[in-house]
Amino acid sequence: MDAIIDFCKKWIEKLADFGLARILPALILLAVGILVVRLAVKAITATLGKAKLDPTVVKLCRSVLNVALYALLLLMVASRLGIDVTGIVCPNTQNALDD
């Protein structure tokens with residue numbers, strides 16, 4: 001039973017160290033990023049609405065912008081967690097360098 005408790009204590013300490021160094025800043029980035037994305041989408045939607053565009057076009061632009069900004073935010077958070085995202089952003093860089 002003591003071995004299980006020691007094992008759990010070690011994992012809790014490792015998670016706490018990892019959490020303070022990487023997870024906490026990533027969560028802060030995520031929270032601030034969500035606010036910024038929402039404000040940006042709202043502002044651009046309002047601007048497009050004032051331009052007297054077709055409502056379908058405004059909805060499409062809002063959806064595309066929403067997906068693009070959240071994808072960018074996801075890449076930023078993943079990078080902050082230490083995940084290498086260069087393969088996602090530039091998947092064929094090695095082939096381009098070989099030519």
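What counts, and at which threshold
Residues numbered from 1 in each chain as written. Predicted model: local features only at pLDDT ≥ 70, side-chain atom pairs only at ≥ 80, totals over all residues. Heavy atoms only, no water. Helix = DSSP H or I, 4+ residues; strand = E, 2+ residues; numbered from the N terminus. Buried < 20%, exposed > 50% of the residue type's maximum accessible area, 1.4 Å probe, protein only. Patch = residues over 30% accessible without salt bridge, like charges linked within 9 Å, V, L, I, M, F, W, Y side chains within 5 Å. Areas by Shrake-Rupley, 256 points an atom, 1.4 Å probe, with all protein chains shown as cover. Salt bridge = Lys/Arg side-chain N within 4 Å of Asp/Glu carboxyl O. Expected span 1.5 Å × (residues − 1). Contact = heavy atoms within 4.5 Å. pLDDT = per-residue confidence, 0-100. Polar contact = N/O pair within 3.5 Å; in protein donor to acceptor, adjacent residues only side chain to side chain.

Colleague: What am I meant to see in the overall build of the protein here?
Modeller: What the protein contains, in helices and strands, is 4 helices and 0 strands. In the protein, buried positions account for 12% of the 99 residues.

Colleague: Which parts of the structure should I look at to understand a nonpolar patch on the surface?
Modeller: Judged by side-chain polarity, Leu 20, Leu 24, Ile 28, Val 32 and Val 36 come together as a nonpolar surface patch covering roughly 480 Å² of accessible area. With respect to the helices and strands, the residue Val 32 is situated in helix H1 (residues 2-50). When its relative accessible area of 46% is taken as the criterion, Val 32 is described as partly exposed.

Colleague: Sorry if this is basic, but what is going on with helix H2 (residues 55-80) here?
Modeller: The first and last C-alpha atoms of H2 sit 37 Å apart over 26 residues, in line with the 38 Å expected at 1.5 Å per residue. Every buried residue belonging to H2 is among Val 58, Leu 73, Val 77 and Ala 78, and all of these are buried. Just downstream of H2, Gly 82 is the residue with a positive phi angle, here 100 degrees.

Colleague: When you look at the environment of Arg 62 in this model, what are you seeing that I'm missing?
Modeller: Topologically, Arg 62 is positioned in helix H2. Placed 17 residues apart in sequence, Arg 62 and Thr 45 show a C-alpha to C-alpha distance of 6.2 Å. If sequence neighbours within four positions are ignored, Arg 62 has contacts with Val 41 and Thr 45.

Colleague: What is the right way to read the confidence of the model for the protein from this model?
Modeller: Caution applies to low-pLDDT regions: their predicted coordinates should not be interpreted in detail. The share of residues in the protein with pLDDT of 70 or more is 89%, and the mean pLDDT across the chain is 83. No element of the protein has a lower mean pLDDT than helix H4 (residues 93-98), at 54, and none a higher one than H2, at 93.

Colleague: Sorry if this is basic, but what is going on with the environment of Ala 46 here?
Modeller: In this structure, Ala 46 sits in helix H1. Judged by relative accessible area, Ala 46 falls into the partly exposed class, the value being 41%. Once the C-alpha coordinates of Ala 46 and Arg 62 are considered, the two residues, 16 residues apart in sequence, prove to be 9.9 Å apart.

Colleague: Explanation requested: the side chain of Thr 45 in the structure shown.
Modeller: By secondary structure assignment, the location of Thr 45 is in helix H1. From its side chain, Thr 45 meets the backbone oxygen of Val 41 in a polar contact 2.6 Å long.

Colleague: What is the right way to look at the environment of Leu 29 in this model?
Modeller: Here Leu 29 lies in helix H1. A relative accessible area of 24% means that Leu 29 is categorised as partly exposed. In the structure, Leu 29 is positioned 48 residues away from Val 77 in sequence and 6.7 Å away in space, judged by C-alpha atoms. If we skip the residues at most four places from it in the chain, Leu 29 touches Leu 73, Met 76, Val 77 and Arg 80.

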